[in-house]
Amino acid sequence: MKKFKINKQKLKQITRRAYQKDQQQLQSVIDAIQDGIRVMDLDLIIQLQNETTRRWSKNREEIGRPCYQVHYGRQEPCNHCHALEAIKTGTLVKKTELFHDQDNHNRTLQVVASPLRDKGGHITGVVEYFRDVTDFLNRENAVKHMESRYESILDATNTGVWEYDDRKKMERLSDTYFTYLGYDPADYTDGEGFTSPSFFSGIIHPEDREGEMEGFNQYIADGSPGIYENRFRIRKKDGTWVWMLSRGKTLRNSQGNATHITLGTMTDITSQYLAHLYRELGWKVLQVFNQKMDLDTTLHHVSETIQKYAGFEVVGIRLKKGEDYPFMVRTGRHKLEEDVFNTLLIHDGDGAVLRDEHGHPFLSCMCGQVLSGNMPADHPNTTPMGSLWTNELGVVFNEESSEHLAFKLRNSCLNRQYASLALIPLREKEDIVGLLYLADTRSGSLSREMVELLEVVAAMIGEALAHKALGQQLVEKERESSLLISQMQLGLALHEIICDEQGTPVDYRFLSVNDSYQQITGLRQENLIGRTVLEVLPDTEAYWIQKYGEVALTGISREFEAYSVELDKYFQVKAYSPQTNRFAVIIDDVTEKRKATLELTRAKEEAEAANKAKTQFLANMSHELRTPLNGLMGMIQLLRSTDLNKEQQEFVHIAMEGSRSLARVVGDILNYTSLEKKTQKIIEETFHLEVFIDEVIGLHQAAAAHKKLHLKATVAKELPVQLVGDRFKLKQILGNLVGNAVKFTDVGLVEISVRPAEDAMPYERINVRFDVKDTGIGIPSEKMDYIFQQFSQVDESHTRVYGGLGLGLAVAKEQTAMLGGSLAVVSTPGKGSTFTLICCLGLPRESREDVYPMEQDCCEAKKATPPTFKILVVDDDFSSRLVTKMSLEKMGCKVDTAIDGQAALDMVKETEYQMIMMDCQMPVMDGYEATRWIRQIERAQGRATPIIAVTAKVLPGDREKCLEAGMDGFLAKPFHFDELKETLRMYNQKNWISQPKE
């Protein structure tokens, strides 16, 4: 035999090729497997892995490297490595791990590690199987989430799930069902979760049990067509009954045949059912009240209706009758018993009704507590509306003493063994007028929701009772109205409007008229009823039909006065629409009244024209009298300031007194006229109290000195330095009082005292008391009220010593009333009088010591040459212009004059003045317009010159008109030298005025 020589190298190559081919075939096989496979040696060095494993890995170059280094970057195996555990134990190891793939996504892998053994059974390595269960777990979690949501929905909707097995004739109920009803599933289910046969039938209401059982059995017997549905009551663990809606459907196999399993739900529909039931009950109750029956019959039908729908054994209604609330009706098992328990009043041993401290009667029984509104709001068996309800009457108040409870509930309730009781107040708006009484021997007949619905029904009963009582009153009123309408003095008629095809009113028909309508119009009822107005009065004006048509078609009432040509009369008409297309009219013959009104209107127009003429005359008279008086008095004052001998001084004094008397008469007449017209306004301003009093004193200083009277004033220190009020009117009032005091006093003194009044005043106001006291002739007591009347004096004889018109005090009284003050007098004949003025004045917002600092009297002024003070005097009257100019110059002022507003405007443009004395009524340009132009010029220059109105226009509104034009002050003609001096002081704080020679 030929011996072959073996090529060992070639043999190795053949062996290597065969091994590589086997490796490639093995790799192809394991790459085809969808689960991951990996083979490692005892050191956990990766020897082999399939494509699925490489696809999950971040690093595809894993062969020959440890798995813990490849996957976790560690230098040693993990403590809980499943591969090591399989090598050490030699058993199969299963685990679930979270794995991050090459896209860094979290994957959940189920890992199985199995040890590799050689032929001798020795462990040589480990093989790992990986299965991605991420999607499976996600689906499983989604199913659990949906189950959780489904259970939440069932809990929120009070819905339970049931399953019926027709083979076992048993039912399985969900935990949600048991939980909602308050039962423990462990007490009523077997090991498979099925309930005992008697459980479900035992909790169904006896009245519903047979219907539910028969209905479901019939559904199964008929082959389970469609969906099974039924409504019935179930008792909860706490004893209350709830309405349930049961709906189910039998499962069918692939051939469409019914199986033995029926699945369904049970939902609490108590709220919906009760709402529907009691809504229907409410309508039924209202229908009963709408029927024409007496009250007793109505209440009897109402209680029977409530008993039928609500299912209570006893229903009663208590209504207020005097001070008591007896049962008006009670229906059901126990009829109303006429015994002492029907009353709620409590009597003492003498039979008198017991009452509280307010005189209200005490009411017994819990009915009385509810009717009195005394139920505690926090009691668990009361409602916010004051109702009382319970399903366990014997323990409702947890009373230890049964006798005390018997007293509260009246033995009739306990003796009849009532378990459920509801006492619901009947209200008319906010007042309790009765009680709805519901009782039942069965426990659990009530729920809070049911009581709240019964409260709605009770509210409807309360309102219906009020409407029924009102209806009865209306019937009586209608009966009375029919009688009144027939006897009323105004005409009343009912008509029907007639329209053409376009809906335009063209006529109306008489339906009824009363006796007065016939008397007023002269038309007879038998000639009107059923006929149209154009048939009765063919020439009726179209506007009557148009107006009545608007009322009948729109329902908008109208009231008007119109003339009827046909009847030759004026009518006052009130038209309204009692129903569509009809209108009623109430008419009155106002022909004579209309004629009288026309005459009054003409008389009023004539009076207004005369009054306007009088006002214009007074304005002209004021200007024409005051202007020459201003020149006359000014010249006399200037003359008095020159060197005169004693005889000349006496002449000047007499002339001055005569001028003053004339000026006072003119002023009183104008003041009285303005007060008579009620046209004066209150203008408040801040003034310095002591300066103001000095001004009043200064006006009468000369007259007092001539009579050698002591004229003085005192101001209380506690009074504020500044006050706010109508300075002008206050000065007029005090001027009248001081002037009268000087006039009627020949010897002694006249004193003004100012102090706070004792009356309390609101914040920022103060009552100030002005007392004007004199030692004059006094006033008899019988003349006290008389002196304040117009044109009245104490002495009205032809031989009277004191002159005057008798208007001063009347004007002062009226002006005091305008200021909201009071004026009173205390007098003793032969000793003197004290006039007291109390006036409410304000306090300035900004407290300052002095608005106008007290200046030295003119007699004490410094003799030094005053600074230059330019004043512009504007007046068209020569004498007034001259007097003002010379008076100011004697005070040390430099004076320019202008004869009208235009001239003044030209001079202001060229010269800067410290003050402007402006007349108002002038030719070319009056003082108002000139002032407005000056203010416009000064605004551009950033200055404001004081402008004082010096005018004979002193009627109501003249002062306000000056201020509105932009003037700062007001000085009426004729003015006294002292008034001019005080005006300068007011608008200049420097003591520059020099005293003219007296």
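Calculation criteria
Residues numbered from 1 in each chain as written. Predicted model: local features only at pLDDT ≥ 70, side-chain atom pairs only at ≥ 80, totals over all residues. Heavy atoms only, no water. Helix = DSSP H or I, 4+ residues; strand = E, 2+ residues; numbered from the N terminus. Buried < 20%, exposed > 50% of the residue type's maximum accessible area, 1.4 Å probe, protein only. Contact = heavy atoms within 4.5 Å. Areas by Shrake-Rupley, 256 points an atom, 1.4 Å probe, with all protein chains shown as cover. Axes fitted to C-alpha atoms, helices over the stretch in contact; angles between N-to-C directions. Parallel < 35°, antiparallel > 145°, perpendicular 65-115°, else oblique. Left-handed = near helix turned anticlockwise from the far one by under 90°. Nonpolar A, V, L, I, M, F, W, Y, C, P; charged D, E, K, R; others polar. Pairing = 2+ DSSP bridges. 1 Å grid on protein atoms, 1.4 Å probe; cavity = no way out; pocket = protein on both sides within 12 Å on 5 of 7 lines; lining within 4 Å. Points joined across faces, edges and corners; volume = space filled by probe spheres on them. Polar contact = N/O pair within 3.5 Å; in protein donor to acceptor, adjacent residues only side chain to side chain. Salt bridge = Lys/Arg side-chain N within 4 Å of Asp/Glu carboxyl O. UniProt positions renumbered as here; feature names shortened; annotations may be inferred. Core = buried A, V, L, I, M, F, W, Y, C linked by side-chain atoms within 4.5 Å. Patch = residues over 30% accessible without salt bridge, like charges linked within 9 Å, V, L, I, M, F, W, Y side chains within 5 Å. Lys, Arg positive; Asp, Glu negative; His and termini not counted. Charge placed at Lys NZ, Arg CZ, Asp CG, Glu CD.

1. With respect to the overall build of the protein
Part 1 of the reasoning: A tally of regular secondary structure across the protein gives 26 helices and 33 strands.
Part 2 of the reasoning: Counting every position in the protein, which comprises 998 residues, the buried fraction comes to 43%.
Part 3 of the reasoning: Across the protein, the fraction of contacts at a sequence separation of at least 24, relative to all contacts at a separation of at least 6, is 58%.
Part 4 of the reasoning: Within the structure as shown, the protein displays about 54,900 Å² of accessible surface, and the carbon and sulfur contribution to it stands at 52%.

2. Quick notes on the packing of helix H19 (residues 689–706) against helix H20 (residues 727–743)
Part 1 of the reasoning: One way to put it is that H19 packs onto H20 with a least axis distance of 10 Å and a crossing angle of 30 degrees. By the angle class used here, H19 and H20 are roughly parallel. In terms of crossing hand, the pair formed by H19 and H20 is right-handed. Listed contacts from H20 to Phe692, Ile693, Glu695, Val696, Leu699, His700, Ala703 and Ala704 of H19 are Arg727, Leu730, Lys731, Leu734, Gly735, Val738, Gly739 and Val742.
Part 2 of the reasoning: Residue composition of the contact of H19 with H20, by class: ten nonpolar, three polar and three charged.

3. A short note on the pairing of strand S18 (residues 505–513)
Within a regular strand, the side chains alternate between the two sheet faces.
Part 1 of the reasoning: As paired elements, strand S17 (residues 491–499) and S18 share seven bridges and run antiparallel to each other. Bridge pairing links His495 to Phe510 in S18.
Part 2 of the reasoning: Between S17 and S18, which pair antiparallel in sequence order, lie five residues; one of them, Gly503, sits at a positive phi of approximately 85 degrees.

4. Side note on unusual backbone geometry
Glycine aside, negative phi is the norm for most residues, and most peptide bonds take the trans geometry.
Part 1 of the reasoning: That bond from Lys973 to Pro974 is cis: its omega, -5 degrees, falls within 30 degrees of zero.
Part 2 of the reasoning: Turning to its location among the elements, Pro974 is positioned in the loop between strand S33 (969–972) and helix H26 (977–986).
Part 3 of the reasoning: A positive phi angle, near 60 degrees, is found at Lys708, a position not held by glycine.
Part 4 of the reasoning: Position of Lys708 relative to the elements: it lies in the loop between H19 and strand S23 (710–715).
Part 5 of the reasoning: Exposure remark for Lys708: the relative accessible area of 75% places this residue in the exposed category.

5. Observations regarding the sheet that holds strand S29 (residues 870–874)
Part 1 of the reasoning: The parallel open sheet is built from five strands, whose spatial order is S30-S29-S31-S32-S33. What marks the edges here is a single partner per strand, and that holds for strand S30 (894–898) and S33. Ignoring strand direction, the axes of neighbouring strands in this sheet form an average angle of 20 degrees.
Part 2 of the reasoning: Pairing between S29 and strand S31 (residues 915–918): four bridges, direction parallel. Opposite Val873, over in S31, you have Met917 as the bridge partner.

6. Things to note about empty space enclosed by the protein
Gaps left between atoms show up when a probe the size of a water molecule is rolled over them.
Part 1 of the reasoning: Taken as a whole, this structure holds three cavities of 30 Å³ or more when the rule is applied.
Part 2 of the reasoning: One number sums up the size of the largest cavity: a volume of about 230 Å³.
Part 3 of the reasoning: If you trace the largest cavity, you find 19 residues lining it, with Tyr508, Tyr517, Trp544, Tyr548 and Leu567 closest to the centre.
Part 4 of the reasoning: Elements that contribute at least two residues to the lining of the largest cavity include exactly S18, helix H14 (515–521), helix H16 (542–554), strand S20 (569–576) and strand S21 (582–589).

7. Focus: the side chain of Thr240
Part 1 of the reasoning: Among the secondary structure elements, Thr240 is positioned in the loop between strand S9 (228–235) and strand S10 (241–252).
Part 2 of the reasoning: Its relative accessible area of 17% is what places Thr240 among the buried residues.
Part 3 of the reasoning: Side-chain polar atoms of Thr240 contact the side chain of Asp238, separated by 2.7 Å.
Part 4 of the reasoning: Beyond its immediate stretch of four places on either side in the chain, Thr240 contacts Ile234, Arg235, Asn391, Gly444 and Leu446.

8. Comments concerning the pattern of salt bridges
Part 1 of the reasoning: All told, the structure shown has 29 salt bridges when counted by the stated rule.
Part 2 of the reasoning: Residue Glu526 is joined to Arg524 by a salt bridge in which the shortest nitrogen-to-oxygen separation is 3.9 Å.
Part 3 of the reasoning: When salt bridges with common partners are traced through the structure, they connect Arg935, Glu938, Arg943 and Asp968 into a single cluster.

9. Remarks on the UniProt feature "domain: PAS" (unreviewed entry) in the protein
Part 1 of the reasoning: According to UniProt, the feature "domain: PAS" (unreviewed entry) maps to residues 146–223 and 500–537 in the numbering used here.
Part 2 of the reasoning: Secondary structure content for residues 500–537 is 29% helix and 24% strand, and the end C-alpha separation is 19 Å.

10. Quick word on the nonpolar core
Part 1 of the reasoning: Judged by nonpolar contacts, the single largest core of 40 residues is most densely connected at Leu734 and Phe770.
Part 2 of the reasoning: Secondary-structure elements contributing two or more residues to this core are H19, H20, strand S25 (749–756), strand S26 (765–774), helix H21 (808–818), strand S27 (822–828) and strand S28 (832–842).
Part 3 of the reasoning: Those residues in contact with Leu734 that lie beyond four places of it in its chain are Phe692, Ile693, Val696, Phe770, Val772 and Leu837.
Part 4 of the reasoning: Core analysis: the second largest hydrophobic core is formed by 34 residues, Met293, Trp389, Val451 and Ile461 among them.

11. With respect to a negative patch on the surface
Part 1 of the reasoning: Negative charge collects at one region of the surface, where Glu428, Glu430, Asp431 and Glu463 lie side by side.
Part 2 of the reasoning: Mapped onto the elements, Asp431 comes out in strand S16 (residues 431–440).
Part 3 of the reasoning: Residue Asp431 is classed as exposed on the basis of its relative accessible area, which comes to 54%.

12. Some words on the packing of helix H24 (residues 927–941) against helix H25 (residues 958–965)
Part 1 of the reasoning: Relative to each other, H24 and H25 sit at 25 degrees, their axes nearing to 9 Å. The pairing of H24 with H25 is recorded here as roughly parallel in orientation. In this structure, H24 uses Tyr928, Thr931 and Arg932 to contact H25, whose residues at the interface are Lys961, Cys962 and Ala965.
Part 2 of the reasoning: For the contact of H24 with H25, the residue count by class is three nonpolar, one polar and two charged.

13. Focus on the environment of Glu889
Part 1 of the reasoning: Structurally, the position occupied by Glu889 is in helix H22 (residues 878–890).
Part 2 of the reasoning: The class of Glu889 is partly exposed, set by a relative accessible area of 34%.
Part 3 of the reasoning: Separated by 20 residues in the primary sequence, Glu889 and Phe869 place their C-alpha atoms 9.9 Å from one another.
Part 4 of the reasoning: Here Lys885 takes part through its side chain, which lies 2.5 Å from a polar atom of the side chain of Glu889.

14. A few points about the sheet that holds S9
Part 1 of the reasoning: Strand order in this open sheet of six strands is S8-S7-S6-S11-S10-S9, and the pairing throughout is antiparallel. Looking along the sheet, the strands with just one partner apiece sit at the ends: strand S8 (194–195) and S9.
Part 2 of the reasoning: In the sheet, S9 pairs with S10 via eight bridges, with the strands oriented antiparallel. What sits directly across from Arg235, in S10, is Trp241.

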